[in-house]
Amino acid sequence: MADENDNDRIDDNQKPEKMFTLKKWNAVAMWSWDVECDTCAICRVQVMDACLRCQAESKKDSYGKQDCVVVWGECNHSFHYCCMSLWVKQNNRCPLCQQEWSIQRMGK
Amino acid sequence: MITLSQRLKQKNQNDDSPNTRAPIRDRLLVKEAQEMSQLLPASCSVNYVNENDLSKFTLIVQPTEGYWEGGTFRFDINVTEEYNMVPPIVKCTTKLWHPNISETGEVCLSLLRRHSVDGMGWSPIRRLNDVVWGLHALFTDLLNFEDPLNVDAADQFRHSKEDFKLKVMEYVANYARE
């Protein structure tokens, strides 16, 4: 008991030696689009990238730039416009929530 | 005389429509086939017709419980070029007595319906894995006597579960042995 008390007193008086020093560090940050679903559930590519079809056909594109836009439904689900326009031809429902599909907005 | 320009023109015409979908299907299949094999139910296995073609395979279901226990049931699955806008085409090649599978092999599973009014049919968010688990569940959870494809089988079940059970076992013994 006596020994322990002695040690405590020493610790109080002088700061303990640093256990380690940080010499260098690398900061890593993550980001994502502020949308409910950032992946198109139809082709499983990020909505902000070109859809699978446009990617596959990119070699044939003579304009150089791809115009693969995103479409949001009234239900707030988003998909590639290319993917969704193929799907609504046979079933005019949102593939995720099965609600009647109507476009809220389009763009990037 | 066949000229090169004519040949090219012909080739381009042949390349139209369905073939332009194929690359999408094949890209989707690379991921989906892998996912399917990783998540395969214990009672199921998959055989590819041709190792280099992920679009045609046989699913083998060997139920470990229920009426069809002990049987080996084969389903031919064909993922067409329009995938994933349309569901795979599934045919049961093992004859069996089942309310939701006809004796000729048509399968009644809502997921496999191309057009559906109730929102229960195919959706492009579905994957091969969902199809496999759906078929697997036809022998357990999704077994449905209320909306049968094989009406005789469902009627028989309603009248006598014992008779139904015997007929299932008879079919298993005759057609579904490994």
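Shown above is the structure to which this text applies.
In this report, we go over the structure that sits alongside the text. (Residues numbered from 1 in each chain as written. Chains lettered and ligands numbered in written order. Predicted model: local features only at pLDDT ≥ 70, side-chain atom pairs only at ≥ 80, totals over all residues. Heavy atoms only, no water.)

## Structural notes on the sheet that holds strand β1 (residues 44–48) of chain B
All names here are of chain B. Threshold: Here, strands pair whenever DSSP counts at least two bridges between them. The helix and strand labels rest on DSSP assignments: H or I over at least four residues marks a helix, E over at least two residues marks a strand, and numbering proceeds from the N terminus. Axes here mean lines fitted to C-alpha atoms, for a helix over just the part in contact, with angles spanning 0 to 180 degrees between N-to-C directions. By definition, residues are in contact when any of their heavy atoms lie within 4.5 Å.
Taken in spatial order, the four strands make up an open sheet running β1-β2-β3-β4, and their pairing is antiparallel. In this open sheet, the two strands that pair with only one neighbour each are β1 and β4 (89–92). Mean inter-strand twist for the sheet, computed between neighbouring axes without regard to direction, equals 25 degrees. Here strand β2 (residues 56–61) runs beside strand β3 (residues 73–78); their pairing, made up of six bridges, is antiparallel. Residue pairing in the sheet places I60 in a bridge with R74 of β3. The strands touched by helix α3 (residues 128–137) are β1, β2, β3 and β4; relative to β2, the strand with the most contacts, the crossing angle is about 35 degrees.

## Concerning the packing of aromatic side chains
All names here are of chain B. Our working definition: Note on aromatic contacts: the rings of Phe and Tyr and the six-membered ring of Trp form a pair at centre separations within 6.5 Å, being stacked when their planes are under 30 degrees apart, edge-to-face when over 60 apart, and tilted otherwise. Working definition: with a 1.4 Å probe on protein chains only, accessible area under 20% of the residue-type maximum means buried, over 50% means exposed, and in between means partly exposed.
Counting across every chain of the model gives 15 aromatic pairs over all chains. Considering the side-chain rings of F73 and F139, the 5.0 Å spacing of their centres and the 25 degrees angle between planes classify their relative orientation as stacked. A residue pair is termed long-range when its members are at least 10 positions apart, and F73 in strand β3 and F139 in the loop between α3 and α4 (151–159) qualify at 66 residues. Both residues of the pair, F73 and F139, count as buried. Aromatic pair F145 and F164: ring centres 5.4 Å apart, planes at 75 degrees, arrangement edge-to-face. Taken as a pair, F145 in the loop between α3 and α4 and F164 in helix α5 (residues 161–175) lie far apart in primary sequence, 19 residues in all. Assessed through its relative accessible area of 11%, F145 is described here as buried.

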